[in-house]
Amino acid sequence: MCVLSHGLEAAGLATVALISVRSVAERMHPPRALYCEFPLGRPLGAPGDAAFQRDVMTKAFALLDAPSGPVLTDHPTVIEADETPMACALPPRFDPDAAAAVDEARGLRRAHDRSVAARGRTSVGRVAGPDAIPAALEALIDIAAGTDWTEAGLPEGDPISTVHDIRAYYEEAALELVDGPAPGGRAAEAWFFEATEAGAVVMAARRAMKDAGAPQPFWFYMAPGHRR
Amino acid sequence: MGPTSEAPAAVCQARPVTTGDQAMRDLADSLPVPEFDTTAFTPPKPLAEATVAIVTTAAIHTMDDEGFTGFDTGFRLLDRERRDLALGHWSPNFDRSGFAADLDVVYPIDRLEELAAAGVIGRVAPRHVSFAGNQPDDVATVRLDSGPAAAEALRHDGVDVVLLTPV
């Protein structure tokens, strides 16, 4: 981010950067920066709150009035992440012959379809679209049970992107199953990894890959770094 | 495929962790950053007359465009009208549900349109830019190749002011 600020400014563009890690801006001196202590992944702070987003932009654009740079100021509002799993109902067991995570994913399909219809977009599909999510979970279940990760039939052989798609599928579906404002930053992540069968499968597969000596990046980036 | 280059996994693992965000901010504190001896400073055109573009590092792309790879140092151009956007970031270490719920919390294109309609900014740029936030440590390509190429595309579109949003 700060590197881009320097480069774009040097190319004749006036830049204002929202900053999510203050110490980096302090060391890199971008021309104009507004530090926003908001949940990582939410640079405008509050999903669904247009007034707050406009306030962030107004304060950022105000930095254009500075006669010289670098200038680094703070947005006065701090929004902390919420690591408590959001309250979101999961589908009841339907097919006793299916693995629990597979049954669960199938049960979320209508909610995911509604989410895509409501928003006109989805981040599911880097390697596995919605139709392929149950099979992707079956591959992870096999890995957790001891199958070599390179032979488990992961979509495109890619565990990181497989989990990206599974997690996006769950989090997008969940938006249709909870009332009220969007969950706090990381509350959906906590729900996925701590409350769902799929999250448990991902973590079990990750542990199995680590224990089997899989190259570290391929298992490590299946889940946030602070999750064991 | 390729793994993300966002952060040394061993560093992440060795840290005592309080929360995910704190862990990532602590990690960012500990990593070396490129040094700049000087800070370029372009005198801005009055905002009410300026063409404004968004540059994000959220690795978002239109759903029919090529996604980002794990070591992607390039960028995607986002047409002003497009809202069918996917999050292609390779890092699992940030909230994604905000983007899923509301595009503007990452890529405030609707807010920018409102500011243009209100006369606060002059014009919304026809194209916006998306990079991946996870880059090789030396960020050489962004500094020397893809960054200048993005700047050229923005200047071609008459952009005066850029709002950068990080992920």
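Residue positions are given per chain, counting from 1 as you read along its sequence in written order. The naming scheme follows written order: chains are lettered A onward, ligands numbered 1 onward. With pLDDT at 70 or above as the cut-off, local features in this predicted model cover only qualifying residues; side-chain atom pairs require 80 or more to be listed or tallied, and sums for whole chains, interfaces and linings still use all residues.

For the rest of this paragraph, the subject is the pairing of strand E1 (residues 14–19) of chain A. Burial within E1 of chain A is extensive, with six of its six residues counted as buried. The alternating pattern of E1 of chain A places Ala14, Val16 and Leu18 of chain A and Thr15, Ala17 and Ile19 of chain A on opposite faces, both of which are buried. Whether two strands pair comes down to DSSP finding at least two bridges between them. Only DSSP runs of H or I covering at least 4 residues are called helices, and only runs of E covering at least 2 are called strands; the numbering of each starts at the N terminus. With four bridges connecting them, E1 of chain A and strand E7 (residues 161–165) of chain B associate as parallel partners. Bridging across to E7 of chain B, Ala17 of chain A finds its partner in Leu164 of chain B. With three bridges joining them, E1 of chain A and strand E2 (residues 32–35) of chain A adopt parallel strand pairing. Burial in this document is a count-based property: other C-beta atoms within 10 Å of a residue's C-beta are tallied, and the residue is buried at 20 or more, exposed at 12 or fewer, or partly exposed in between, with C-beta positions derived from the backbone.

The next thing to look at is the nonpolar core. Buried Ala, Val, Leu, Ile, Met, Phe, Trp, Tyr and Cys residues whose C-beta atoms connect them within 7 Å together make up a nonpolar core. Among the nonpolar cores identified, the biggest contains 120 residues, and Leu137 and Leu140 of chain A together with Val162 of chain B are the most heavily contacted of them. Both domains that meet at this core, namely domain 1 (2–74) and domain 2 (100–220) of chain A, each give it at least three residues. Those residues within four positions of Leu140 of chain A in sequence are excluded, and the remaining contacts are Val201, Val202 and Ala205 of chain A. Each domain's limits were defined by an automated method or a database of domain assignments. With C-beta atoms placed from the backbone, a contact is any residue pair whose C-beta atoms sit within 7 Å.

Turning next to the environment of Arg167 of chain A. Relative to the helices and strands, Arg167 of chain A is located in helix H7 (residues 159–174). Distance from Arg167 of chain A to Phe192 of chain A, taken between C-alpha atoms, is 7.0 Å for residues 25 residues apart in sequence.

Let us now look at the interface of chain A and chain B. Many descriptions give the size of an interface as the accessible area lost when the pieces come together. Listed per partner, the contact involves 77 residues of chain A and 70 residues of chain B. Within the residue set of the side of chain A that touches chain B, elements represented by two or more residues are helix H1 (2–10), E1, helix H2 (22–28), helix H3 (50–62), H7, helix H8 (187–195) and helix H10 (216–220) of chain A. Examining the composition of the side of chain A that touches chain B, we find that eight residues originate from one element, H1 of chain A, more than from any other.

All names here are of chain A. On domain assignment, one finds that chain A holds domain 1 (2–74) and domain 2 (100–220). The distance between the C-alpha centroids of domain 1 and domain 2 comes to 33 Å. With five residues of domain 1 in contact, the opposing surface of domain 2 contributes four residues. Basically, the charged four are Asp, Glu, Lys and Arg, the nonpolar ten are Ala, Val, Leu, Ile, Met, Phe, Trp, Tyr, Cys and Pro, and anything else, Gly included, counts as polar. Within the side of domain 1 that touches domain 2, the residues separate by chemical class into two nonpolar, two polar and one charged.

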